[in-house]
Amino acid sequence: TVPQLQEKLVTSGLSKTGRKADLVTRLLQAQGPAESASTMEDSTAAAAKPVDHNPKNQLVKISFKSLEELEKTVRILEVEKGTRYSLTMEVPLTQAALTMLAGSPLGRELEVLDCRPEYEDRNPPVIDTSKVKFLKLRSLDLTCQAIKAIH
């Protein structure tokens, strides 16, 4: 809940004002990798309900550093129709992750997908975008992502 999230922010010495997604991002950035992994489910659950009102029709930006974070969030995220979403992946996508994302409520509302993993030239996961559909996607950046086909 928001009060629990705000309490965690205060105990971490962070500001407790802002949108839920921004609060979760600040909390995860303030925690180390081990701490954020243990609280990811709690924190993501708090951010799972998007902002009720997006008066400026702003793009909600989401970023992940692991496929596990993506999978956990996609499973519990409640996406509000009409809200615009941008997703940045800092690791290579697998075909399974791409398929799961495309079939999720987030994938159906996703407008921007950026995949910017570290360059990997030995056995990188390969994706085939011709096997998935992102209905509202307007921008696709697959820098350093191995690709079999684009559709």
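Residues numbered from 1 in each chain as written. Predicted model: local features only at pLDDT ≥ 70, side-chain atom pairs only at ≥ 80, totals over all residues. Heavy atoms only, no water.

Caption draft 1: Region of the structure containing the pattern of salt bridges. Under the definition given, this model contains six salt bridges. Across the pair Arg-138 and Glu-111 runs a salt bridge, and its minimum N-O distance is 3.9 Å. Of this pair, Arg-138 sits in the loop between strand E4 (126-128) and strand E5 (139-141) while Glu-111 sits in strand E3 (residues 110-115); the two residues are 27 residues apart in sequence, bridging distant segments of the chain. Here Glu-111 falls in the buried class, since its relative accessible area comes to 10%. If you follow the salt bridges from partner to partner, you end up with Arg-84, Glu-111 and Arg-138 in one network. (Salt bridge = Lys/Arg side-chain N within 4 Å of Asp/Glu carboxyl O. Helix = DSSP H or I, 4+ residues; strand = E, 2+ residues; numbered from the N terminus. Buried < 20%, exposed > 50% of the residue type's maximum accessible area, 1.4 Å probe, protein only.)

Caption draft 2: Seen up close, the sheet that holds E5. If you walk across this open sheet you meet the four strands as E1-E2-E3-E5, and the pairing is parallel. Two strands in the sheet have a free side with no partner beyond their single neighbour: strand E1 (59-64) and E5. Ignoring strand direction, the axes of neighbouring strands in this sheet form an average angle of 15°. Bridge count between strand E2 (residues 84-89) and E3: five bridges; the pairing is parallel. Looking at E3, one finds that Tyr-85 is bridged to Leu-110. (Pairing = 2+ DSSP bridges. Axes fitted to C-alpha atoms, helices over the stretch in contact; angles between N-to-C directions.)

Caption draft 3: Seen up close, the environment of Leu-98. Note on placement: Leu-98 falls in helix H5 (residues 95-103). Residues Leu-98 and Lys-133 lie 35 residues apart in sequence; the distance between their C-alpha atoms is 9.8 Å. Contacts of Leu-98, omitting those with residues within four sequence positions, involve Leu-93, Leu-113, Ile-127, Asp-128, Thr-129, Val-132 and Phe-134. (Contact = heavy atoms within 4.5 Å.)

Caption draft 4: View of unusual backbone geometry. Here Asn-123, not a glycine, exhibits a phi torsion of approximately 55°, which is positive. Looking at the element boundaries, Asn-123 is found in the loop between E3 and E4. In the Ramachandran plot, Cys-144 falls in the positive-phi region, its phi being about 60° despite a non-glycine side chain. Relative to the helices and strands, Cys-144 resides in the loop between E5 and strand E6 (146-149). By relative accessible area, which is 40% here, Cys-144 ends up partly exposed.

Caption draft 5: Expanded view of the nonpolar core. With 23 residues, the main nonpolar core has Leu-70, Leu-87, Leu-93, Leu-101 and Leu-106 as its most contacted residues. Counting only elements with at least two residues in this core, the list comes to E1, helix H4 (67-76), E2, H5 and E3. In terms of residue count, H5 provides more of this core than any other element does, four residues in total. Not counting residues up to four positions away in its chain, the partners in contact with Leu-87 are Ile-62, Phe-64, Leu-70, Leu-101, Leu-110, Val-112, Leu-113 and Asp-114. (Core = buried A, V, L, I, M, F, W, Y, C linked by side-chain atoms within 4.5 Å.)

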